[in-house]
Amino acid sequence: MATQEQYSDRNFEFLARDEAAKLIKDDIHVHRKDKKVVCETDIRGHKKPDGRSPLDLVVDASDGFIPLWAANTTLRWRFQEQSMANFVDPEAAKSAIRALLGDALLAWGDAVPVKFAERQHAWDFEIAVSPQENCTINGCTLARAFFPDAGRHDLLLYPTMFSQSREEQVETMAHEIGHVFGLRHFFADVSETGFPSEIFGAHEKFSIMNYGNESVLTDKDREDLSLLYEKVWDGSVTEINGTPVQLMRPFSFFRVALGGTNPFAMG
């Protein structure tokens, strides 16, 4: 039987925020080093594999396969209404965020491999805005996205993002959308062992998925993303460096296209 001491309130005592931040400093990706701006999505980063350039397109392989979206995928999204209620004018905030998302997608141009549709039902992700900043000694988080899979997710934005210039807001959103497409960071400080990645194509020094002041969207970003999905969809690329590619369908596909059936359901 557990003792009273085992249930002590001290079991749930938190470290001071900055003390805890020091412990994970090496796991944090600093998106803008001059401003200590953090992207929270890729906390499962990787270091540069031996002999490979850090200037390549990096895709996720954390689960033993590379998840990318199937052809003709539409991601359905909506606003998380509870979070939008924190704004003085929620509808104005929604309009501004829609424009921001639109500009980020336009920045990727024809390379965008999926469609986005704002829908209230059978949604794949919600755009949510935190009412509080998320800042530590490592920097301030601007946003958090997700990687391709059949689940439901948040595209979470933090207030610090809206204090950046318009150009930086678009770049941040484009960076997060890159994760949604299946792209990883160019981490150099975090062990690859637990969360491996694979590299496809070759970039110039500047890339939206790079870090620091070199994080800008380039034509090479667009070309490599387009080529990756083109070759995967036509079947000419089924694996990258020995890791198989697995095409993913979003949550909404099983609720809309298949009328609510899920081929992966048990029983």
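Trainee: Please explain the overall build of the protein chain as it appears in this structure.
Mentor: Within the protein chain, the regular secondary structure consists of six helices and 13 strands. Burial analysis of the protein chain (267 residues in total) assigns 46% to the buried set. About 13,800 Å² of surface is accessible on the protein chain, with carbon and sulfur atoms providing 52% of the total.

Trainee: Got a minute to help me understand the state of the cysteines in this structure?
Mentor: Linking two cysteines covalently via their sulfur atoms produces the bond known as a disulfide. Within the structure shown, the criterion is met by one disulfide. Between the sulfur atoms of Cys-135 and its disulfide partner Cys-140 the distance amounts to 2.0 Å. Between Cys-135 and Cys-140, the disulfide has an S-S torsion of 110 degrees and is therefore right-handed.

Trainee: Would you take a moment to explain the environment of Gln-164 for this structure?
Mentor: Take Gln-164: it is sitting in the loop between strand E10 (153-157) and helix H4 (166-180). Taking the relative accessible area as the measure of exposure, Gln-164 reaches 13% and is therefore buried. Here the alpha-carbon distance between Gln-164 and Leu-142, two residues 22 residues apart in the chain, equals 9.4 Å.

Trainee: Looking at this structure, how should I read the pattern of salt bridges?
Mentor: Side chains carrying opposite charge are able to pair once their charged atoms draw close together. Applying the stated rule across the entire model yields seven salt bridges. A salt bridge links Arg-222 to Asp-219; the nearest nitrogen and oxygen atoms lie 2.8 Å apart. Of this pair, Arg-222 and Asp-219 both sit in helix H5 (residues 219-233), three residues apart, roughly one helical turn. Connected through shared salt-bridge partners, Glu-81, Glu-91 and Lys-94 make up one network.

Trainee: Would you mind showing me how to read the nonpolar core here?
Mentor: Taken as a class, soluble globular proteins show a tendency for nonpolar side chains to be buried jointly. Membership of the largest hydrophobic core comes to 45 residues, with the highest contact counts inside it found for Trp-108, Ile-127, Leu-157, Met-173, Ile-177 and Phe-181. Ranked by residues supplied to this core, first place goes to helix H3 (residues 90-108) with seven residues. Residue contacts for Trp-108: discarding those within four places in its chain leaves Ala-174, Ile-177, Gly-178, Phe-181, Leu-183, Ile-208, Leu-217, Asp-221, Arg-222 and Leu-225.

Trainee: Hey, could you run me through the sheet that holds strand E13 (residues 243-248) in this one?
Mentor: The pairing of strands in a sheet comes from backbone hydrogen bonds and takes either a parallel or an antiparallel form. Pairing in this open sheet of three strands is mixed, and the strands run E4-E13-E12 from one edge to the other. Unpaired on one side and paired on the other, strand E4 (66-69) and strand E12 (239-240) mark the two borders of the sheet. As paired strands, E12 and E13 are joined by two bridges and run antiparallel to one another. Along E13, the bridge assignment pairs Glu-239 with Pro-244. Strands in contact with H5 are E4, E12 and E13; relative to E4, the strand with the most contacts, it is inclined by about 90 degrees.

Trainee: Help me out: how do you make sense of the confidence of the model for the protein chain in this one?
Mentor: The predicted coordinates ought not to be read in detail in places where the model reports low pLDDT. Residues at a pLDDT of 70 or more form 63% of the protein chain, whose mean pLDDT is 76. With pLDDT under 50 throughout, residues 43-56 is counted as low confidence; its partners more than four residues away or in other chains account for 50 contacts. In the predicted structure, residues 263-267 sits below a pLDDT of 50 and forms three contacts with residues beyond four places in sequence or in another chain.

Trainee: What should I look at first to understand the packing of aromatic side chains in this one?
Mentor: Both the distance between ring centres and the angle between the ring planes are used here to describe each pair of aromatic rings. Scanning the model with the defined rule gives eight aromatic pairs in all. When the centroid spacing of 5.1 Å and the interplanar angle of 80 degrees are considered together, the rings of Trp-77 and Phe-79 count as edge-to-face. Here the two residues Trp-77 and Phe-79 agree in accessibility, since each one is buried. Between Phe-253 and Phe-254, the aromatic rings sit 5.3 Å apart at their centres with planes inclined by 85 degrees, giving edge-to-face as the arrangement. On the basis of relative accessibility, which here comes to 5%, the residue Phe-254 falls in the buried class. One aromatic cluster in this structure is built from Trp-77, Phe-79, Phe-116, Phe-125 and Phe-146. The ring of Phe-253 has Arg-249 lying over it, and the distance from NZ or CZ to the ring centre is 4.5 Å.

Trainee: How should the environment of Gly-64 be read in this particular structure?
Mentor: Considering the arrangement of structural elements, one finds Gly-64 in the loop between strand E3 (57-60) and E4. As a C-alpha pair, Gly-64 and Pro-244 span 180 residues in sequence and 7.7 Å in three-dimensional space. If we skip the residues at most four places from it in the chain, Gly-64 touches Thr-243 and Pro-244.

Calculation notes
Starting afresh in each chain, residues are numbered from 1 along the sequence in its written order. Predicted model: local features are reported for residues with pLDDT of at least 70 only, side-chain atom pairs are reported and counted for 80 or more only, and whole-chain, interface and lining totals are derived from all residues. Side-chain descriptors were evaluated using all non-hydrogen atoms of the structure, hydrogens and water having been removed beforehand. Under the scheme used here, helices are H or I runs from DSSP no shorter than 4 residues and strands are E runs no shorter than 2 residues, and both carry numbers assigned from the N terminus. Type-normalised accessible area, obtained with a 1.4 Å probe on protein chains alone, sets the label of each residue: buried when under 20%, exposed when over 50%, and partly exposed for intermediate values. Throughout, the Shrake-Rupley method with a 1.4 Å probe supplies accessible areas, and for residues the shown protein chains are the sole cover considered. The disulfide criterion used throughout: a pair of cysteine sulfur atoms within 2.5 Å. Salt bridges are identified by distance alone: a Lys or Arg side-chain nitrogen within 4 Å of an Asp or Glu carboxyl oxygen. Among buried residues, the Ala, Val, Leu, Ile, Met, Phe, Trp, Tyr and Cys ones that are joined through side-chain atoms within 4.5 Å form a nonpolar core. Note on contacts: a residue pair is in contact if any heavy atoms of the two residues lie within 4.5 Å. Only strands joined by at least two bridges in the DSSP assignment are considered to pair. Think of each axis as a best-fit line through the C-alpha atoms, taken over the contacting stretch in the case of a helix, with angles from 0 to 180 degrees between the N-to-C directions. The predictor attaches a confidence to each residue, and that confidence, scored 0 to 100, is pLDDT. Paired rings are identified among Phe, Tyr and Trp, the last through its six-membered ring, by centres lying within 6.5 Å, and are further divided according to the angle between planes into stacked (under 30 degrees), edge-to-face (over 60) and tilted (the rest). Each ring is checked for a lysine NZ or an arginine CZ that lies within 6 Å of its centre and within 35 degrees of its normal; such an atom marks a charge sitting over the ring.

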